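# Breakdown of the fold
Spelled out from the first residue to the last, the chains are:
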Amino acid sequence: MSQPPAKPDLVTVNIDGKEIAVPKGTNVIEAARLVGVDVPHYCYHPKLTVVGNCRMCLVEMGLPAVDPATKQPVVDPTTGKQKINWMPRPQIGCGTNAMPGLHIRTNTPQIKDCREGVMEFLLINHPLDCPICDQAGECKLQEQATGYGRGYSRFIEQKNVKPKRTQLGPRVTLDDERCVLCSRCIRFSKEVVKDDVLGFIDRGSYSTLTCYPGKQLENNYSLNTVDICPVGALTSTDFRFKMRVWFLKQTNSIDTESSVGANTVVWSREGQIYRITPRRNDEVNDTWMADSGRVLFKQVRDDSRLTAIMVNGQPTALDTAISTAAELLKAGNVAIVGSGRSSVEEQFLTKKIADELKASAQIVARAGEGDKILISADRNPNTRGALVTGLVTKLPSAQLTELAAAIDAGKVKTVLAINEDLAAAGLSAAQLAKVKIVYIGTHASVTSDAAQVVLPTLTVFEKNGTFINQQFRLQKFLEAVPGVAGATNDLDVLTNLLTAVGGAKLLTDVASIWASISAEIQSLAGLSFAAIPETGKVIDGSAFAALAFPEGETLHFKPAAKS
Ligand code: SF4
Ligand code: FES
């Protein structure tokens, strides 16, 4: 007899003989996954509506038998358990949600036949492109042909010919012959981006995916269609033919475009990054990310990258540069311009340097229009980190007007600029000429050109660290590739500089710095770098509830209502 629900919101279902309690309404494909049973599928996607058009997820379904007259369970005399009424025809798993007593069979001869039949239909017109197809290594058609297909073809007719290498937009290339008409890309565009741009034309085996007349797949989320296309029909124009995916190392990272902090995976080989894709986090970005965040890795090898430690325009050693910088800073009248793009650890060390020097510290606001999906109005990934570490106590502004006035008044003689271009933040060339500048950063700018000391550091792809996103979710990013030659880890630079200006001598690795952070910052107490979960950890941000953060609503964020 079926077990009663273990909890009020849980229902017990039986999948291939295994009972499991799942939240009511759980999709059968997801419920099966929980007991380690794979229900193959193409059109189903956990973050899109269910359409049930590929038929790959067919399963046998049954419900406990009840006597219609007495409403009592019908007991099977051979087993002594409640009889299960199995439906005579297979049903789609994706279109069924868990209900009390639901029985599913995925491993019967009928289901094996169904899957072989569906695979055969899908493959009759599919080109034999696999050796040159970019999807090889992550193609559901390949995987499921191996796992559930017949293993040989009975098809002797001519395959359909459809458009190949169609540019659907600036970043997405379509090979229509490979499309299995799952409609994931259509639903994603319509449901998530609200850009109804894709559709099918023609019927039967002539059905073809295309853009609506006069439209292009050009929204800033277009590459998500490539991620969710289960076959090689949609490919990234940038990544196409660059590298086989099985050669690539995957490293967890964070999109630094805005305070949303979409979770990402950086794919690299031998120190070179080839692509960035989204990493599922149901609390932040679901399974999506913006196209604009996928090209950020190009900054790693950009021509403007700083690769030489300089003092007064001459290449020098790190020790010399640090002691020169310390001398300038210890002379007094210092202002520190930190960054909302720096990690929590870097901001923590910057705050310590500011305290040691008794210098004012600020960061630069970077604002843009939010897209209500995964890009917020705050284009810094870590404004909240600067608040939590105490580097700043108020929201930043985009222009350093107070600093400009202090320089003009002769109150500031030296500026320590970290990853911010002071000229872009409003300081004039004349003002830059009035002060000594110590610049710690990754790329050349007007500020690095004007600086007396330049300490090149690492991009987010070359180091470990954490950011705090708009939800006060502490999220970590990991080193995907080694730093470029000539650049020093920011933590090395900042800890050395801290010691050189008279502060404590701290170990430079991120784990050790976290020991200090968790000991000193109350909202981060008890945390260690290693213990931060892959999907991040929400910390207490109530101390900043009164601040008027600029963000509007995004996918999983609603700004607190202001009274
Ligand atoms: S292009 Fe890919 S995602 Fe779109 S319908 Fe075809 S198979 Fe599905
Ligand atoms: S996944 Fe169920 S019909 Fe496609």
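Here the structure is shown first, and the text comes after it.
Quick caveat: nothing in here was measured; it's all calculated off a predicted structure. (Residues numbered from 1 in each chain as written. Chains lettered and ligands numbered in written order. Predicted model: local features only at pLDDT ≥ 70, side-chain atom pairs only at ≥ 80, totals over all residues. Heavy atoms only, no water.)

### Topic: the site of ligand 1
Of all residues adjacent to ligand 1, which total 13 residues, the nearest are Cys179, Cys182, Ser183, Cys185 and Cys229. If you map ligand 1 onto the pockets, it falls in the largest cavity. Its residues placed into classes, the shell around ligand 1 shows 12 nonpolar, one polar and no charged. (Near = heavy atom within 4 Å. 1 Å grid on protein atoms, 1.4 Å probe; cavity = no way out; pocket = protein on both sides within 12 Å on 5 of 7 lines; lining within 4 Å. Sits in = over half its atoms within 2 Å of the grid points. Nonpolar A, V, L, I, M, F, W, Y, C, P; charged D, E, K, R; others polar.)

### Thoughts on the layout of surface pockets
Approximately 1200 Å³ is the volume found for the largest pocket. Along the walls of the largest pocket sit 45 residues, with Glu138, Val226, Asp227, Ile228 and Pro278 positioned nearest its centre. It is strand E14 (residues 272-278) that contributes the most residues to the lining of the largest pocket, five residues altogether. Here the residues of the lining of the largest pocket sort into 18 nonpolar, 10 polar and 17 charged. (Points joined across faces, edges and corners; volume = space filled by probe spheres on them. Helix = DSSP H or I, 4+ residues; strand = E, 2+ residues; numbered from the N terminus.)

### Digging into the pattern of salt bridges
The tally for this structure, following the rule as stated, stands at 31 salt bridges. For Asp175, the salt bridge is made with Arg178, and the minimal N-O distance between the two is 3.3 Å. The buried category is assigned to Asp175, whose relative accessible area is 6%. By relative accessible area, Arg178 is classed as buried at 4%. Put simply, Asp355 and Lys351 hold a salt bridge, and the shortest N to O gap is 3.0 Å. Here Lys351 and Asp355 lie together in helix H7 (residues 344-357), a separation of four residues that amounts to about one turn. Where salt bridges share partners, they join Asp129, Lys164, Asp175, Glu177 and Arg178 into one cluster. (Salt bridge = Lys/Arg side-chain N within 4 Å of Asp/Glu carboxyl O. Buried < 20%, exposed > 50% of the residue type's maximum accessible area, 1.4 Å probe, protein only.)

### Digging into the packing of aromatic side chains
One pass over the full model with this rule turns up five aromatic pairs. Here the aromatic rings of Phe188 and Trp288 are separated by 4.6 Å at their centres, their planes lie at 55°, and the arrangement is tilted. Taken together, the residues span a long stretch of sequence, with Phe188 in helix H4 (residues 184-192) and Trp288 in the loop between E14 and strand E15 (310-311) at a distance of 100 residues. Both residues of the pair, Phe188 and Trp288, belong to the buried class. Between Phe472 and Phe544 the ring centres are 5.9 Å apart and the planes differ by 10°, which places this aromatic pair in the stacked class. Placement of Phe472 in the loop between strand E22 (465-468) and strand E23 (473-477) and of Phe544 in the segment after strand E24 (537-538) is noted, with a sequence separation of 72 residues between them. Accessibility assignment for this pair places Phe472 and Phe544 in one class, buried. The residue whose ring lies beneath Arg269 is Phe247, and the NZ or CZ to ring-centre distance is 4.3 Å. The ring of Phe472 carries Arg384 above its face, with NZ or CZ at 5.4 Å from the centroid. (Phe/Tyr/Trp six-rings, centres within 6.5 Å; stacked < 30°, edge-to-face > 60°. Lys NZ or Arg CZ within 6 Å of the ring centre and 35° of its normal.)

### Focus on the packing of helix H6 (residues 318-330) against helix H12 (residues 490-500)
Contact pair H6 / H12: the axes reach a minimum separation of 9 Å and the direction vectors enclose 50°. Overall, the two elements H6 and H12 adopt an arrangement that is oblique. Seen along the crossing, H6 lies across H12 with a hand that is right-handed. Residue-level inspection shows Leu318, Ile322, Ala325, Ala326, Leu329 and Lys330 of H6 in contact with H12, the latter providing Val493, Asn496, Leu497 and Ala500. Looking at the contact of H6 with H12 residue by residue, the class counts come to eight nonpolar, one polar and one charged. (Axes fitted to C-alpha atoms, helices over the stretch in contact; angles between N-to-C directions. Parallel < 35°, antiparallel > 145°, perpendicular 65-115°, else oblique. Left-handed = near helix turned anticlockwise from the far one by under 90°. Contact = heavy atoms within 4.5 Å.)

### Here we look at H12
Residues spaced three or four apart along an α-helix point in a common direction, a consequence of the helix completing one turn every 3.6 residues. All of the buried residues in H12 are Asp490, Leu491, Val493, Leu494, Thr495, Leu497 and Leu498. Looking at the buried residues of H12, the elements they touch are H6, H7, strand E19 (414-418), strand E20 (436-441), strand E21 (453-456) and helix H13 (510-520). The distance from a side-chain oxygen at the start of H12 to the backbone nitrogen of Leu491 is 2.9 Å, and the residue carrying that oxygen is Asn489. Positive phi appears at Gly502, one or two residues downstream of H12, with a value of about 105°. (Polar contact = N/O pair within 3.5 Å; in protein donor to acceptor, adjacent residues only side chain to side chain.)

### Section: the nonpolar core
By size, the foremost hydrophobic cluster in this structure holds 51 residues, and its most contacted members are Leu416, Leu455, Leu474, Trp514 and Leu524. Discounting chain neighbours no more than four positions away, the residues touching Leu455 are Ile309, Leu318, Ala321, Ile322, Val438, Tyr439, Ile440, Gly441 and Val493. Counting residues in each nonpolar core, the second largest holds 29 residues, with Met56, Leu168, Cys179 and Leu209 among its members. (Core = buried A, V, L, I, M, F, W, Y, C linked by side-chain atoms within 4.5 Å.)

### With respect to empty space enclosed by the protein
By the definition in use, this model includes three cavities of 30 Å³ or more. Its volume calculated, the largest cavity comes out at about 90 Å³. Looking at the largest cavity, it is lined by 15 residues, and the ones nearest its centre are Cys179, Cys182, Cys185, Cys229 and Leu234. Here the residues of the lining of the largest cavity sort into 13 nonpolar, one polar and one charged.

### Overview of the sheet that holds strand E7 (residues 166-167)
Reading across from one edge, E7-E8-E11 is the order of the three strands in this open sheet, with antiparallel pairing throughout. Single-partner strands in this sheet number two, and they are E7 and strand E11 (234-236). For E7 and strand E8 (residues 172-174), the ladder comprises two bridges, and the chain directions are antiparallel. Bridge pairing links Gln167 to Thr173 in E8. (Pairing = 2+ DSSP bridges.)

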